[in-house]
Amino acid sequence: MLDIVNLHAGIDDGTAIRPILHGLDLSVKAGEVHAVMGPNGSGKSTLAQLLAGRDSYRVTAGSVQYLGRNLLELPPEERARAGIFLAFQYPVEIPGVANIYLLKAAVNAVRTHRGEAELDAIDILALVRDKLKFMGMDEALLYRAVNQGFSGGEKKRNEILQMALLEPKLAILDETDSGLDIDALKIVADGIAAMRSPQRAIILVTHYQRLLDYIVPDRVHVLAQGRIALSGGPELAQELERRGYGWVDTASATRVGATA
Amino acid sequence: MTTAELRLEDLIGRDYRQGFFTTLETDTVRRGLDEDVVRLISAKKNEPAFMCEWRLKAFRHWLTLAEPRWSSVTHPPIDYQAISYYSAPKSRKDGPQSLADVDPELLRTYEKLGVPLQERALLAGVAVDAVFDSVSVATTFKDKLAELGIVFCSFSEAVQEHPDLVRQYLGSVVPYTDNYFAALNSAVFSDGSFCYIPPGLRCPMELSTYFRINAMNTGQFERTLIVADRGSYVSYLEGCTAPMRDENQLHAAVVELVALDDAQIKYATVQNWYPGDKDGKGGIYNFVTKRGDCRGANSRISWTQVETGSAITWKYPSVILQGDDSVGEFRSVALTNHYQQADTGTKMIHLGRNTKSTIISKGIAAGHGHNAYRGLVRVARSAYGARNYTQCDSLLLGDTCAAHTFPYIEVKNPSARVEHEATTSRIGEDQLFYCQSRGLTPEDAVSMIVNGFCKDVFKELPMEFAVEAQKLLGVSLEGSIG
């Protein structure tokens, strides 16, 4: 579904491009859940935002293919319509726009793209109420301005609610587990787990193992210095939890040595 | 500059979509202003002596005044002697008696604007008093309204047919001594609308006027007077749009509303005059005096305005709350883009007991726009139990625009309660990207954000008007975040 080959990219601060990713390779197939882990500053969020189309990031080399298309050519809204969803690490507040309006606009943008009829306010509400219950969210949050005055946990749940409504093909969750208490983490994790399906790929960007207790990934990748330093099965995440990221440098050196 | 900004700039930079001319012949008075011109205007309109005298008094007073400088807007000096103060479509002389007699060119112009004349008006339930270049050309439904005793006609007609009503109420809310532009208007006003609702009557349809400025160098001086007699109700809509033009055009209208005991007047405006091009060239100067007088007990006046056009807007629809228990409301959306400047707001003057007023102002600034809210809440010593609630919100799109709030509050009665709330929010790239990542185009995102911001005002507009207002904002603002 997603093929990233030798990706070099950086952030454009207006005058120069500060490099962040240095030759990243990643291949994700439908039905798989991949965890991308790594220390602060390793490029995890850059990768997530770049895939969603944030335009302050610049690709200097490499390629990203999504469902056989060059993803990098598409503006963010077309990526979203083609089935890519990014759950934000810091969901953005939009003053004056009721949450339900954004949900309706987003669902209809995606439906129109798929050639389906738009849903009216009543249909949307019925659909949303169902998911809302599952996410343990108060209906009042639908009528408040998007993310404005939401608690950290409410914001994250709201992201998962959007994901559940938009039914993406590729979901990228950027540190969705951070800032959640144990109960909220469980609800969010259940929400994500419910999205797991043979047609859908999920990339979980996270610091910690704890989300992976609820959603056992097929593959775990450790990002360090802008590239994938280590890849493995779910046991890799547990090893990281025990030994810390400092261990990655030596481990990756050994493994590279072993395969060479 | 990032590509998103570039794309946004393109969107903001869209040219005025209502820009076109009609090529009607016009009958224009020579440029300049003196007592002879004032007399000529009065004579051309075949006015009774009292009108001519009133105009002359206004003109003489205007000569003693200086153009006001206190507002936050700036513009090159206006040469009042370079303006032609009267123009009327020539076809007027033949006196079109029905739509069939109206110049087809004119009708086509209205069609382009989507004005619901002819059958469309009937279907929409709207009576249109169409003002084209200062003179009313066609008035629909007048007979139907007349059967009920409602007078709804052009101001000129009212002067001929109902001189006593005009004499009684003209200048009683906005005297010619009120301010520079009101004095000028009083001296030279060409036409406008007049409406009288007799006691106890609820006007069964929305009354509507479309204005259009269309003659080169012709200042527009409309005069509107609406009188709601005891226990009556009327809802009035005013919508405007103008053709593309290079030269600045002066517009100084006066609107007077009078509500007697238990009467209610709702006045809604959607203003979309040419704002100037994206470099700030051209565009209309809009210096308007709008005031309502809640003269009777339990009366109610509401102003709802959506201001998206004009290079300069200087406008403070106000309510004088004289009658005990009277209510004044002001709801406004003012948008400035490119180099537009708006200094707008309201005045609520509480004189009677237990008078209430509500002010909701939504200012949107984008591009290099300047948006100022200027509001006065005055509670006189006599206004026991007066209450005011003011909410004043600004939305900034991008980082080259500006919003200012100038609230003035004067309270002389200790039992009064006055509340003021204000917020400022900025819409930037983060919000835009968030919406895009949910499948919305930048245009849809901005339109959604702006309409969300304005919904408290839009919900007060009649349905068709609210739709028009939303479209206008969409066109004026698509994607203006950078």
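Residues numbered from 1 in each chain as written. Chains lettered and ligands numbered in written order. Predicted model: local features only at pLDDT ≥ 70, side-chain atom pairs only at ≥ 80, totals over all residues. Heavy atoms only, no water.

A word on the overall build of chain A
Here is the rule: In DSSP terms, a helix is any run of H or I states spanning at least four residues, a strand is any run of E spanning at least two, and both are numbered starting from the N terminus. We compute the radius of gyration over the C-alpha atoms and compare it with the globule rule, which gives 2.2 Å times the number of residues raised to the power 0.38. Exposed residues in this analysis have more than 50% of their type's maximum accessible area, buried residues have under 20%, and partly exposed residues fall in between, with area computed by a 1.4 Å probe over protein chains only. The accessible surface values rely on the Shrake-Rupley method and a 1.4 Å probe; as for residues, cover is taken only from the protein chains in view. Only four residue types enter the tally: Lys and Arg on the positive side, Asp and Glu on the negative side; His and the chain ends are excluded. By convention, the point assigned to a charge is CZ for Arg, NZ for Lys, CD for Glu and CG for Asp.
The secondary structure content of chain A amounts to 9 helices and 12 strands. Whereas a compact globule of 260 residues would reach a radius of gyration of roughly 18 Å, chain A reaches 19 Å, a difference of no more than 12%. If you line up chain A on its principal axes, its C-alpha atoms span 60 × 40 × 35 Å. Across the 260 residues in chain A, those meeting the buried criterion constitute 54%. When the accessible surface of chain A is split by element, carbon and sulfur atoms take 51% of a total near 11,200 Å². The centroid of the 28 positive side-chain charges in chain A is displaced by 2 Å from the centroid of its 32 negative side-chain charges.

Describing the side chain of Thr390 of chain B
Residues and elements named next belong to chain B. The following threshold applies: Pairing of N or O atoms within 3.5 Å defines a polar contact, subject to two protein rules: one partner must be a possible hydrogen donor and the other a possible acceptor, and residues neighboring in sequence count only if both atoms are side-chain atoms.
Structurally, Thr390 is set in strand β21 (residues 387-397). When its relative accessible area of 2% is taken as the criterion, Thr390 is described as buried. Separated by 2.8 Å, the side chains of Thr390 and Asn388 make a polar contact.

Quick word on helix α11 (residues 442-458) of chain B
All names here are of chain B. Condition: Note on bend: the value at a residue is the angle between axes fitted to the seven residues ending there and to the seven starting there.
Bending of α11 peaks at approximately 40° at the position of Gly452. Taking burial as the measure, the 17 residues of α11 include 12 buried ones, the bulk of the element. Buried residues of α11: Pro442, Ala445, Val446, Met448, Ile449, Val450, Asn451, Gly452, Phe453, Cys454, Val457 and Phe458, and no others.

Quick word on the interface of chain A and chain B
What counts here: Any pair of residues with heavy atoms lying within 4.5 Å of one another is described as a contacting pair. By definition, the buried area sums, over both parts, the 1.4 Å-probe accessible area that each loses when the two are put together. Note on definitions: salt bridges are taken to be side-chain nitrogens of Lys or Arg within 4 Å of carboxyl oxygens of Asp or Glu. Lys, Arg, Asp and Glu make up the charged group, whereas Ala, Val, Leu, Ile, Met, Phe, Trp, Tyr, Cys and Pro make up the nonpolar group; the residues left over, Gly among them, are polar.
Counting residues at the interface gives 32 residues for chain A, matched by 23 residues for chain B. Looking at the side of chain A facing chain B, the largest losses of area belong to Arg54, Asp55 and Glu77 of chain A, adding up to 23% of the total buried there. Summed over the shared surface of chain A and chain B, the number is 2 salt bridges. Here Arg438 of chain B ties to Glu159 of chain A by a salt bridge, and the two come within 2.7 Å at their closest N and O atoms. One can count 11 residue pairs in polar contact (both at pLDDT 80 or more) joining chain A with chain B. Contributing elements (two or more residues each) for the side of chain A that touches chain B: α1 (44-52), α2 (76-81), β6 (84-87), β7 (94-98), α3 (99-113) and α5 (152-166) of chain A. Ranked by the residues each element gives to the side of chain A that touches chain B, the list is headed by α3 of chain A, at 5 residues. When its residues are assigned to classes, the side of chain A that touches chain B shows 20 nonpolar, 5 polar and 7 charged.

Some remarks on the pattern of salt bridges
Residues and elements named next belong to chain B. Counted according to the given criterion, the structure contains 30 salt bridges over all chains. The salt bridge involving Arg300 is made with Glu329; its shortest N-O contact spans 3.1 Å. Residue Arg300 is located in strand β14 (residues 300-307), and its partner Glu329 is located in strand β17 (residues 327-336); the two are separated by 29 residues in the primary sequence. For Arg300, a relative accessible area of 32% corresponds to the partly exposed category.

Regarding the environment of Thr289 of chain B
Residues and elements named next belong to chain B. With respect to the helices and strands, the residue Thr289 is situated in strand β13 (residues 284-294). When its relative accessible area of 5% is taken as the criterion, Thr289 is described as buried. Measuring from C-alpha to C-alpha, the distance between Thr289 and Asp178 comes to 9.0 Å, with 111 residues separating the pair along the chain. Not counting chain neighbours up to four residues away, the residues in contact with Thr289 comprise Val174, Asp178, Asn179, Ala182, Ala253, Val254, Val255 and Trp314.

Quick notes on the packing of α3 of chain A against α5 of chain A
All names here are of chain A. In plain terms, the rule: As a rule, the C-alpha atoms of each element are fitted with a line to give its axis, helices using only the stretch in contact, and angles between N-to-C directions run from 0 to 180 degrees. Each angle is binned into one of four classes, with values under 35 degrees roughly parallel, values over 145 roughly antiparallel, values of 65 to 115 roughly perpendicular, and all other values oblique. Crossing handedness: left-handed means the near helix sits turned counterclockwise from the far one by under a right angle, and right-handed means the same turn made clockwise.
α5 packs onto α3 with a crossing angle of 30° between their chain directions and a minimal axis gap of 10 Å. The angle between α3 and α5 falls in the class roughly parallel. Crossing of α3 over α5 shows right-handed handedness. In this structure, α3 uses Asn99, Leu102, Leu103, Ala106, Val107 and Val110 to contact α5, whose residues at the interface are Asn158, Leu161, Gln162, Leu165 and Leu166.

Here we look at the confidence of the model for chain A
Defined as follows: On a scale of 0 to 100, pLDDT captures the predictor's confidence in every residue.
Confidence in the prediction for chain A averages 89 pLDDT; 96% of positions are at 70 or higher. Note that residues 256-260 of chain A has pLDDT below 50 and, in this model, 0 contacts with residues that lie over four places away or in other chains.

Topic: the confidence of the model for chain B
All names here are of chain B. In this model, chain B carries an average pLDDT of 79, and 75% of its residues clear a pLDDT of 70 or more. When pLDDT is averaged over each helix and strand of chain B, the minimum, 34, is found for helix α5 (residues 118-124) and the maximum, 97, for strand β16 (residues 318-321). Long-range and interchain partners of residues 89-96, a stretch whose pLDDT sits below 50, account for 16 contacts in this model, where long-range means more than four residues apart. Low pLDDT, under 50, characterises residues 211-218; the predicted model gives this stretch 47 contacts beyond four residues in sequence or across chains. Per the prediction output, this complex has pTM 0.75; the corresponding ipTM is 0.94.

A few points about the pairing of strand β9 (residues 170-174) of chain A
All names here are of chain A. Note the following rule: Two strands pair under a simple rule: DSSP has to find at least two bridges between them. For a crossover, the right-handed case is the one in which the path from the first strand over the helix to the second runs clockwise, viewed with the strands pointing away from the viewer.
Where burial is concerned, most of β9 is hidden: 5 out of the 5 residues are buried. Burial along β9 is two-sided: Leu170, Ile172 and Asp174 facing one way and Ala171 and Leu173 facing the other are all buried. Two strands pair when backbone bridges link them, and β6 and β9 are joined in this way by 4 bridges, in the parallel orientation. Note on β9: the bridge partner recorded for Phe85 is Ala171. The parallel pair β9 and strand β10 (residues 201-205), bridged by helix α6 (residues 182-195), forms a crossover whose chirality is right-handed.

Re helix α4 (residues 121-134) of chain A
Residue and element names in this part refer to chain A. Filter applied, for reference: Helices are assigned an expected span. That span is 1.5 Å times one less than the residue count. The directions considered for the arc run from the helix axis to the C-beta atoms.
With 14 residues, α4 ought to run about 20 Å at 1.5 Å a step, and its terminal C-alpha atoms sit 20 Å apart, in line with that. When we look at burial in α4, the residues that qualify are Ile124, Leu125, Val128 and Leu132. The buried side chains of α4 occupy one side of the element, clustering within an arc of 95° when seen end-on. Across from the buried face of α4, at angles greater than 90 degrees, the exposed residues are Ile122, Asp130 and Lys133. Immediately downstream of α4, the backbone of Gly136 shows phi near 60°, a positive value.

Quick look at the packing of aromatic side chains
All names here are of chain B. Note the cut-off: Aromatic pairing here means that ring centres of Phe, Tyr or Trp (its six-membered ring) are within 6.5 Å. Orientation follows from the plane angle: under 30 degrees is stacked, over 60 is edge-to-face, and everything else is tilted. Look at NZ for Lys and CZ for Arg. If either is within 6 Å of the ring centre and within 35 degrees of the ring normal, a charge sits over the ring.
Applying the stated criterion across every chain, the model contains 18 aromatic pairs over all chains. Pairing Trp54 with Tyr176 gives two aromatic rings, centres 5.9 Å apart and planes at 80°, and the pair type is edge-to-face. With Trp54 in helix α3 (residues 49-63) and Tyr176 in the loop between α8 (163-169) and α9 (180-188), this residue pair connects regions lying 122 residues apart in the sequence. Pair check on accessibility: Trp54 and Tyr176 agree, each one buried. Site record: aromatic cluster; members linked through ring pairs are Phe59, Trp62, Tyr80, Tyr180, Phe181, Tyr285, Phe287, Trp314 and Tyr316. Directly above the aromatic system of Phe189 lies the positively charged group of Arg223, at a separation of 5.8 Å from the ring centroid. Lying over the aromatic face of Phe453, Lys362 brings its terminal NZ or CZ to 5.1 Å of the ring centre.

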